[in-house]
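A closer look at the structure
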There are 2 protein chains.
Amino acid sequence: MSSLIAVNLPDNSYNIAIAPDSLSQLGEQMRPLGLGHKVLVISNPEIFHHYGAIIVQSLEQAGYTVSSHLIPAGESYKTLDSIARIYDTALQHRLERSSTLVALGGGVIGDLTGFAAATWLRGINFVQVPTSLLAMVDASVGGKTGVNHPQGKNLIGAFYQPKLVFIDPQVLRTLPPREFRAGMAEVIKYGVIWDEDLFTQLEKADRLQDFSDLEAELLQVILTRSCQAKADVVSQDERESGLRAILNYGHTIGHAIESLTGYSRINHGEAVGIGMVAAGAIALKMQLWTEPEASRQNALISKTGLLTHIPEDLDTGAIVESLQMDKKVKSGKVRFILPTQLGKVKITDEVPNDLLGQVIDELKQ
Amino acid sequence: MSSLIAVNLPDNSYNIAIAPDSLSQLGEQMRPLGLGHKVLVISNPEIFHHYGAIIVQSLEQAGYTVSSHLIPAGESYKTLDSIARIYDTALQHRLERSSTLVALGGGVIGDLTGFAAATWLRGINFVQVPTSLLAMVDASVGGKTGVNHPQGKNLIGAFYQPKLVFIDPQVLRTLPPREFRAGMAEVIKYGVIWDEDLFTQLEKADRLQDFSDLEAELLQVILTRSCQAKADVVSQDERESGLRAILNYGHTIGHAIESLTGYSRINHGEAVGIGMVAAGAIALKMQLWTEPEASRQNALISKTGLLTHIPEDLDTGAIVESLQMDKKVKSGKVRFILPTQLGKVKITDEVPNDLLGQVIDELKQ
Ligand SMILES: NC(=O)c1ccc[n+]([C@@H]2O[C@H](COP(=O)([O-])OP(=O)(O)OC[C@H]3O[C@@H](n4cnc5c(N)ncnc54)[C@H](O)[C@@H]3O)[C@@H](O)[C@H]2O)c1
Ligand SMILES: NC(=O)c1ccc[n+]([C@@H]2O[C@H](COP(=O)([O-])OP(=O)(O)OC[C@H]3O[C@@H](n4cnc5c(N)ncnc54)[C@H](O)[C@@H]3O)[C@@H](O)[C@H]2O)c1
Ligand SMILES: [Zn+2]
Ligand SMILES: [Zn+2]
């Protein structure tokens, strides 16, 4: 059981390889890419503890000279300062233009490593080995790399494509369940915006709340179809000038909720889950979507153990105001991605403010 | 008297506009590019003192909202830290993806600004207004941007193309003469490696040591043909995989001399001048080049007030060793760019070490 997805871009095409228990084959898989012999693995202590040895061994067996650089876990380390530390290590090991950074970790490690690779010696090679579900289905595909500014997320960065995305689904066994569900929110998103078939396959599962709930086969389907969905979208819009916007489905109200709850009480995936419920309700009220499909979406979000209501202590006015502040707002109009039927969405900035307030009120609990 | 050079690249073509006394037309020239209304001008205090007001006024008259950010002069400020300060200002003025950074300065300001533009919001617009001769004919064309690492020059950076390079030769009147001559070294380089006609036009001038020596017409020719040469080369090799190497003519031994003299006693242009004399001498000894042409090159370097000898206190062994350390060395062989006739060079790593030592010894004085 294995899948290979080609991400076709004008200049920098690459493959996403998905195969269970494949971690020990990373070195072999990299060989045909013709990369230089030096590899620097970037990870965090927890993940490297689990998977560092097998990755390093696999690379060394394939003939690479391997070193590693660990960054403490957490979004708070996704900074320019962590990048400067990676540069120091790159220099210490005398990496060359032909050398490769391997990102072994979740989205934080992937974004950091990609940006370091994009900017060391004006660009060296970069391989993604995502270990969180979110990184597998979202962060590792699409070429966005970067770090946070003290005053805003992902403000610093570059578009930079990996040479390979290498996914071993079995590493998800050590991922905390709440992180698993955060990734599932993005998977459901792909079902609603792009792939009805993925959606119905998710509906068939009894449980979806953790890695242990899923048959290996369903997990393979989830990863393959999600990566394919993201690859389809980003290869049609490499630099985020149009179509990519649909990937923000559920993220508009989601971001507002994340930010108003201080990015801790409610995590990204939970906020996106709520955001999708809200976007569905807006689409329904605007008669763009049907009640049965909206209910099916919400049932799937529930089954995954994600939230479907807005915390009642959040002020409706504050949410609407936060939406207006979003960097994607053009001339005061909030842009929404709204479902029209399972697998299809439209982009609109025509959502009336009172309808928005009404939907938010109704979703409070 | 004005020239427009098109730099044709697969994705990001742009123009180099060269016209005397054109500084006040920058805003107008930018208008057809369809950039957003916010502009942040990056400069240093000295240059901004001379030309800031006219640039800001021109931009404001064209309808832009303009702010500025000054960085102290000098290579020692070409750091990641200066980039972080630019980010802070970009955030403070809420720059958007459609906003533009204008680099008003020499190569240091250009490299810093380009890298900040490449990495803020994953890439915003960028316009070069080079004010040193070196920046006009070299640094501002080709898309290399970046900063120094404490342990090495230009190790951090990105390839990122400007939307426009806007050159007003008249700003060179305030450039210190030694900086002028540093730029002339690169101009002579283009004559030898690419454009025999440029070379012969330089030969015709009586004096070439400072801005005040040059007729406006000759200056226009120098800038136009130099930019055209660099544009020709980089558009055939955007990411430095082959042809661009010829731009390193004179830089191989030049870098060694710069580094062994601590980057202060002998500046980059002077080192390149010596490096060209040395490369010419090697080519002559290898019977690749003729004596009359080598003499013409050396006479032109002399006339420009550049050095043609290696300082005698430098140890020949140390120079050869330093060459071996260069990052462009592949498997121990030093790569040289050697002239074969005026306007043509070849790339070779077949220079015997003893011949190299002999040439260095002979050039000492
Ligand atoms: N580049 C993009 O296109 C893109 C897209 C979406 C999100 N992101 C970014 O991704 C980041 C979020 O990614 P994330 O959710 O993976 O967060 P993360 O990288 O912080 O990982 C979440 C937690 O799970 C742990 N972890 C990951 N894999 C594990 C495993 N196999 N076993 C045990 N523990 C494991 C990590 O150590 C961390 O503590 C954010 O910074 C976000 O901005 C980027
Ligand atoms: N990106 C590239 O392709 C490329 C190519 C060559 C060099 N460079 C970089 O360019 C830098 C060197 O550029 P540079 O020689 O312009 O150095 P610089 O930017 O330091 O300028 C030299 C000095 O001249 C002053 N100056 C510049 N224009 C002036 C004017 N019109 N009037 C008065 N003073 C003026 C500056 O303030 C500075 O003190 C180096 O950092 C080098 O790495 C980059
Ligand atoms: Zn998301
Ligand atoms: Zn140079």
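Counting restarts for each chain, with residues numbered from 1 along the sequence as it is written. All chains are assigned letters beginning with A, and all ligands numbers beginning with 1, in the order in which they are written. The model is predicted, so local features are restricted to residues of pLDDT at least 70 and side-chain atom pairs to those at 80 or more, both for listing and for counting; the totals for chains, interfaces and linings are taken over all residues. In computing side-chain properties, one takes all heavy atoms of the structure into account and sets aside hydrogens as well as water.

**So, the environment of B:Pro176**
Residues and elements named next belong to chain B. Note the cut-off: Labels follow the DSSP assignment, with helices taken as runs of H or I lasting at least four residues and strands as runs of E lasting at least two, numbered in each case from the N terminus. For the exposure calls, accessible area comes from a 1.4 Å probe over protein chains only, and a residue counts as buried if that area is under 20% of its type's maximum, exposed if over 50%, partly exposed in between.
Along the chain, the position of Pro-176 falls in the loop between strand E9 (164-167) and helix H6 (177-193). Given a relative accessible area of 44%, Pro-176 falls into the partly exposed group. Along the primary structure Pro-176 and Lys-285 are separated by 109 residues, whereas in three dimensions their C-alpha atoms are 37 Å apart.

**Topic: the UniProt feature "binding site: NAD(+)" (unreviewed entry) in chain A**
Residue and element names in this part refer to chain A. Cut-off, in case you're wondering: UniProt positions are given in the numbering used here, feature names are shortened, and annotations may be inferred rather than shown by experiment. Pairs of residues are marked as contacts when any of their non-hydrogen atoms sit within 4.5 Å.
The feature "binding site: NAD(+)" (unreviewed entry), as annotated in UniProt, sits at Gly-107, Val-108, Ile-109, Gly-110, Asp-111, Thr-131, Ser-132, Lys-144 and Lys-153 in this numbering. Within the fold, Val-108 resides in helix H4 (residues 107-119). Its relative accessible area of 19% is what places Val-108 among the buried residues. With residues up to four places along the chain from it excluded, the contact list for Val-108 reads Gly-74, Glu-75 and Lys-78. Contacts of Ser-132, omitting those with residues within four sequence positions, involve Gly-105, Gly-106, Gly-107, Leu-172 and Leu-175.

**Here's the deal with the site of ligand 2**
Residues and elements named next belong to chain B. Using the following cut-off: If even one non-hydrogen atom of a residue comes within 4 Å of a molecule or strand, that residue is called near it. Between N or O atoms, a polar contact is any pair within 3.5 Å; within protein, one atom must be a potential hydrogen donor and the other a potential acceptor, and residues adjacent in sequence are included only when both atoms are from side chains. Per-residue and other accessible areas were derived by the Shrake-Rupley procedure at a 1.4 Å probe size, with only the shown protein chains allowed to occlude residues. Polar here means any residue outside two lists: the nonpolar Ala, Val, Leu, Ile, Met, Phe, Trp, Tyr, Cys and Pro, and the charged Asp, Glu, Lys and Arg; Gly therefore counts as polar.
Taken together, the neighbourhood of ligand 2 is formed by 23 residues, with Glu-75, Gly-107, Thr-131, Ser-132 and Thr-174 sitting nearest. Between ligand 2 and Asp-111, the relevant distance is 2.9 Å, taken from a nitrogen atom to a side-chain nitrogen or oxygen of the residue. At 2.7 Å from a nitrogen atom of ligand 2 is found a side-chain nitrogen or oxygen belonging to Thr-174. Contact with the protein chains covers 85% of the free accessible surface of ligand 2, which is 860 Å². Of all the elements in the fold, those that place two or more residues in the shell around ligand 2 are helix H2 (45-61), helix H4 (107-119), helix H5 (133-139) and strand E8 (152-159). Residue composition of the shell around ligand 2, grouped by class: eight nonpolar, seven polar and eight charged.

**Considering the layout of surface pockets**
What counts, and what does not: Using protein atoms alone on a 1 Å grid, points that fit a 1.4 Å probe yet trap it form a cavity, whereas open point sets bounded by protein on both sides within 12 Å along at least five of seven lines form a pocket; residues with an atom within 4 Å of a point count as lining. Grid points are joined across faces, edges and corners, and a volume is the space filled by probe spheres set on the points.
Reported here for the second largest pocket is a volume of approximately 230 Å³. The wall of the second largest pocket is formed by 14 residues, among which A:Leu80, A:Ala84, A:Arg85, B:Leu80 and B:Asp81 lie closest to the centre. Contributions of two or more residues to the lining of the second largest pocket are made by helix H3 (80-92) of chain A together with helix H3 (80-92) and strand E7 (144-149) of chain B. Of the residues forming the lining of the second largest pocket, the biggest block, six residues, is contributed by H3(A). Taken together, the residues that form the lining of the second largest pocket break down as seven nonpolar, three polar and four charged.

**Thoughts on the coordination of the zinc ion (ligand 4)**
Put simply, a metal with four donors set out as a tetrahedron has ideal angles of 109.5 degrees, and one with six donors set out as an octahedron has ideal angles of 90 or 180 degrees. Residue and element names in this part refer to chain B. Selection rule: Any N, O or S atom lying within 2.8 Å of the metal counts as a donor, and for Na, K and Ca the limit rises to 3.2 Å; water is left out, so some sites can look incomplete.
Distances from the zinc ion (ligand 4) to its protein donors, namely Glu-186 (OE), His-251 (NE2) and His-268 (NE2), fall within the range 2.0 to 2.1 Å. The sequence pattern describing where the donors of the zinc ion (ligand 4) fall on their chain is E-x64-H-x16-H. One end of the pair, Glu-186, is in helix H6; the other, His-268, is in helix H10 (residues 268-285), and 82 residues separate them in sequence. We classify Glu-186 as buried; its relative accessible area is 0%. For His-268, a relative accessible area of 25% corresponds to the partly exposed category.

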